[in-house]
Amino acid sequence: MPIAERGADSGRISARFEALKVEGRGGLVTFITAGDPDCDTSLEIIKGLPAAGADIIEIGMPFTDPMADGPAIQASSLRALTNGQTLAKTLKMAKAFREGDTETPLVLMGYYNPIYSYGVDRFLNDAKECGVDGLIVVDLPPEEDEELCIPALKAGVNFIRLATPTTDDVRLPTVLANASGFVYYVSILGITGTREIEADPVAEAVARIKRHTDLPIVVGFGITSPDQAQSIASAADAAVIGSAIVRKVEDRVDDNGKAAPETAAAVLEYVGELAAGVRKSTR
Amino acid sequence: MSDATAKANSYRTGPDEGGHFGLYGGRFVAETLMPLILDVETAYEAAKADPGYQADIDYYAKHYVGRPSPLYYAKRITEHLGGAKIYFKRDELNHTGSHKINNVMGQILLARRMGKTRIIAETGAGQHGVATATACALFDMPCKVYMGSVDVERQSPNVFRMKLLGAEVEAVESGSKTLKDALNEALRDWVANVEDTFYIIGTVAGPHPYPAMVRDFQSVIGNETKQQMLEAEGRLPDQLVACIGGGSNAMGLFHPFLDDESVTITGVEAAGHGIETGEHAASLTGGRPGVLHGNRMYLIQDDDGQVVEPYSISAGLDYPGIGPEHSWLKDTGRVDYVSATDKDALEAFQLCSKLEGIIPALEPSHALGHVMKIAPDLPKDHIICMNLCGRGDKDVATVAGLLGVEL
Ligand SMILES: Cc1ncc(COP(=O)(O)O)c(C=O)c1O
């Protein structure tokens, strides 16, 4: 889609990557599922993320059938849904976050059906109003761009594209054609949180994608430690950490899926450790 | 009539290039899977153009599966119901006991052409899993079948059959632990093993090209029926009836007849305890368009777009979606979709066993349940052909339990 036909976006994502460049380091992108284990606790976590060192925040919109995710994120989606999370509530959380933070980019991540059910136009309108800067919708490849990608770009909401090791040089231009915001490189074949990441092939892949685009490239899937976060944030523009954070939530819910008083603090402490790792990265 | 108008008036030209049947179908998958699905599509197009591929399919259909399956006049049921003349298309006589093997042979021959060395599949009732495990034994390929742990419990004879055939059966504990979760898990396996693995989907759903490909493999049912009916009656049937889970046996019977206007076509979904109770698996009657498992289709979901776990006495019909081509055929009005309850199916199961000496699977028992409702009021020269797509051995224990009989 020609840039001229795109609506103006919030500018928060590009501003954040510019700032990281000035700092000379890679960024930290954190993922948690909205409403996991409940609305209040997850909002407390989200509000605390920027101070803990998150540079970009991804919020998962829970879905009953997260086909591309591993056991940790599946379980977190179910905890959230069991506790009554809906897409409308997730948008409200985005709004509540945005009221206290006007700079940290906020990206919603999930699957298409809840959005389709909510109504694409209504969703884009509400997301923009709630201060959402970008979308990652796992089951919408470029072949289905008419569904949400094009309308999102027109509405000025970034549509962030996934690239994977199976996305070869022939396919990359197709994947990148309507990409905006940044590119999310899924570093290993498989589902979230089940295999460990290695830095060398990642650096190669990032270089390969950079030959096709000027957009920042973030890398995720399989990062668990501050050291890994540091090395990935040196190889790419940012490291994404999801399953490992979600597991910290899981560790601190009881058998009925209820949060403990210290749940949010414990998750944020872990994010702080990852952030310290990322702050040692050099770009 | 010019070719162009003939095409425009046909119900048999779908899908379009993007895999759409009207609003439905498509390729709603993660980027990781996209290159694989494009590969399957390319390989399938090439295979279709190669007479050797069809010759292989025909060879195994005849010598291994046992096709053609008979078209049988069900005289005693016809007389008992006292109206329409009822025929059964006997796909329960196929090797492994259902229509599922028609599709599996087509896909495994394609997988071999593509040089894939490992097979995965999902299964609900276990019939597709058994058919896949069987073909993998035949071609000496490792096979992993994903099955929800709830289904592993209620279809244990099929679990043992798969293991005897050398397959690994993985009990899926995620989500609601039934067919939809088995499908999720199989997709996850495929994403992680893209190099060597071929995923044999068991019904006319999933991302393009699966719905069209599975339909093509199952169309042997309808093509044979057409010919056999002309031999038996000198004309086409007045009505076709088939049960619908994902929709493959029904699509296989229906598709060759879609442009024969004189033929009424009826699909029967599982109404479980009754549509009004909310405990059913009737996606077309009780669902609305949604996106799951790589395609848009009618889907049983809540107001938030979350998938609702369906219910049916029959594990093979217990799926919250339905193939995209059926979804489209419903909207066009070409096919009527109705439903039958657990109770209807149980009654039909017993009647067919007693009157015809055929123990049907619980899935086609739903189709027969509907036939029992409509046949008495139809004239004697109204010919119904019903797809008897599976045999009931696997269901004997379930039915005994429901009838209060201890085995
Ligand atoms: C005998 C039989 N009939 C029907 C079905 C439902 O599938 P479909 O609607 O794809 O034919 C199954 C599925 O397991 C089955 O085993």
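Bear in mind that the values here come from a model prediction, so they are computed numbers and not experimental data. (Residues numbered from 1 in each chain as written. Chains lettered and ligands numbered in written order. Predicted model: local features only at pLDDT ≥ 70, side-chain atom pairs only at ≥ 80, totals over all residues. Heavy atoms only, no water.)

**Re the overall build of chain A**
Looking only at helices and strands, one finds twelve helices and nine strands in chain A. Over its C-alpha atoms chain A spans a radius of gyration of 17 Å, differing by no more than 12% from the 19 Å that the globule rule assigns to 283 residues. The dimensions of chain A, computed from C-alpha atoms along their principal axes, are 50 × 40 × 35 Å. Put simply, chain A has 283 residues, and 63% of those count as buried. Within chain A, contacts between residues at least 6 apart in sequence are counted, and of these 74% link residues at least 24 apart. (Helix = DSSP H or I, 4+ residues; strand = E, 2+ residues; numbered from the N terminus. Rg over C-alpha atoms; globule rule 2.2 N^0.38 Å. Buried < 20%, exposed > 50% of the residue type's maximum accessible area, 1.4 Å probe, protein only. Contact = heavy atoms within 4.5 Å.)

**What about the domain arrangement of chain B?**
All names here are of chain B. Along its sequence, chain B is organised into domain 1 (21-62 + 100-214) and domain 2 (69-97 + 219-402). Measuring from the centre of the C-alpha atoms in domain 1 to the corresponding centre in domain 2 gives 22 Å. Facing 39 residues of domain 1, the contacting portion of domain 2 comprises 40 residues. Buried area between domain 1 and domain 2, both sides added, is near 3000 Å², and the carbon and sulfur share of it is 60%. Where domain 1 touches domain 2, the interface holds one salt bridge. Here D318 ties to R154 by a salt bridge, and the two come within 2.6 Å at their closest N and O atoms. (Domains from an automatic or database assignment. Buried area = accessible area lost by both parts, 1.4 Å probe. Salt bridge = Lys/Arg side-chain N within 4 Å of Asp/Glu carboxyl O.)

**Details of the packing of aromatic side chains**
Within this structure, the stated rule accounts for 15 aromatic pairs over all chains. Following the ring pairs from residue to residue traces out a cluster consisting of Y112 and Y116 of chain A together with F28 of chain B. The lysine or arginine in question, R122 of chain A, covers the ring of Y118 of chain A, its NZ or CZ lying 3.7 Å from the ring centre. In this structure, K330 of chain B is placed above the aromatic ring of Y298 of chain B, and the distance from its NZ or CZ to the ring centre is 5.7 Å. (Phe/Tyr/Trp six-rings, centres within 6.5 Å; stacked < 30°, edge-to-face > 60°. Lys NZ or Arg CZ within 6 Å of the ring centre and 35° of its normal.)

**Here we look at the pairing of strand 11 (residues 288-292) of chain B**
Residues and elements named next belong to chain B. For strand 11 and strand 12 (residues 294-299), the ladder comprises five bridges, and the chain directions are antiparallel. Residue pairing across strands places G290 opposite M297, the latter belonging to strand 12. If you look at the hairpin formed by strand 11 and strand 12, you'll find one residue sitting between the two strands, and H293 has a positive phi there, around 55 degrees. (Pairing = 2+ DSSP bridges.)

**A short note on helix 5 (residues 100-113) of chain B**
All names here are of chain B. Helix length check: helix 5, at 14 residues, gives a terminal C-alpha distance of 20 Å against a target of 20 Å (1.5 Å per residue), a fit within 8%. Buried residues dominate helix 5, accounting for twelve of its 14 residues. For helix 5, the complete set of buried residues consists of K100, I101, N102, N103, V104, M105, G106, Q107, I108, L109, L110 and A111. Phi turns positive, to about 75 degrees, at G115, one or two residues after helix 5. (Expected span 1.5 Å × (residues − 1).)

**A word on helix 4 (residues 87-100) of chain A**
For helix 4 of chain A, with 14 residues, the first-to-last C-alpha span of 21 Å sits near the 20 Å given by 1.5 Å per residue. Considering only its buried residues, helix 4 of chain A is in contact with helix 1 (12-23), helix 2 (39-52), strand 2 (56-60), strand 3 (106-110), helix 5 (112-118) and helix 6 (120-129) of chain A.

**Some details on the nonpolar core**
In terms of nonpolar packing, the biggest core is built from 86 residues, with Y184 of chain A together with L110, W190 and Y199 of chain B touching the most fellow members. Inspection of this core shows a minimum of three residues originating in each of domain 1 (21-62 + 100-214) and domain 2 (69-97 + 219-402) of chain B. Excluding anything up to four places from it in sequence, W190 of chain B contacts L33, L36, I37, V40, I120, T197, F198, Y199 and Y210 of chain B. One finds F159, I223, A235 and Y270 of chain A within the second-largest nonpolar core, a separate group that totals 73 residues. (Core = buried A, V, L, I, M, F, W, Y, C linked by side-chain atoms within 4.5 Å.)

**Considering unusual backbone geometry**
That bond from D36 of chain A to P37 of chain A is cis: its omega, -5 degrees, falls within 30 degrees of zero. Counting through the fold element by element, P37 of chain A comes out in the loop between strand 1 (27-33) and helix 2. Here R67 of chain B and P68 of chain B are connected by a cis peptide whose omega angle stands at -5 degrees. Among the secondary structure elements, P68 of chain B is positioned in the loop between helix 3 (51-65) and strand 3 (71-73). One non-glycine residue with positive phi stands out, namely K177 of chain B, at about 60 degrees. By the element assignment, K177 of chain B lies in the loop between strand 7 (168-172) and helix 9 (179-192). Residue classification places K177 of chain B among the partly exposed residues on the basis of a relative accessible area of 28%.

**Describing the site of the ligand**
All names here are of chain B. The full set close to the ligand counts 18 residues, and T203, G245, G247, S248 and N249 are the nearest of them. Within the contact set of the ligand, an oxygen atom lies 2.6 Å away from a side-chain nitrogen or oxygen of T203. G247 places a main-chain nitrogen or oxygen 2.7 Å from an oxygen atom of the ligand. Alone, the ligand offers 390 Å² of accessible surface; in the complex the protein occludes 97% of this. A class-by-class count of the residues in the shell around the ligand yields five nonpolar, eleven polar and two charged. Both domains that furnish three or more residues to the shell around the ligand are identified here as domain 1 (21-62 + 100-214) and domain 2 (69-97 + 219-402). (Near = heavy atom within 4 Å. Polar contact = N/O pair within 3.5 Å; in protein donor to acceptor, adjacent residues only side chain to side chain. Areas by Shrake-Rupley, 256 points an atom, 1.4 Å probe, with all protein chains shown as cover. Nonpolar A, V, L, I, M, F, W, Y, C, P; charged D, E, K, R; others polar.)

**Comments concerning the confidence of the model for chain B**
Any segment with low pLDDT has predicted coordinates that should not be analysed in fine detail. Residue and element names in this part refer to chain B. On average, residues of chain B carry a pLDDT of 95, and 98% of them reach 70 or more. Every residue in residues 1-7 scores below 50 in pLDDT, and together they form three contacts with partners more than four places removed in sequence or on other chains. Quick note on the complex model: pTM equals 0.96, ipTM equals 0.95. (pLDDT = per-residue confidence, 0-100.)

**Overview of the sheet that holds strand 7 of chain B**
Residue and element names in this part refer to chain B. Pairing is parallel across the open sheet formed by four strands, whose spatial order is 7-6-5-8. Edge positions in the open sheet fall to strand 7 and strand 8 (197-200), since each of these has one partner strand only. The average undirected angle you get between the axes of adjacent strands in this sheet is 25 degrees. In this sheet, strand 8 lies alongside strand 5 (residues 118-123) in parallel orientation, the contact comprising four bridges. Bridge pairing in strand 8 links I119 to F198. (Axes fitted to C-alpha atoms, helices over the stretch in contact; angles between N-to-C directions.)

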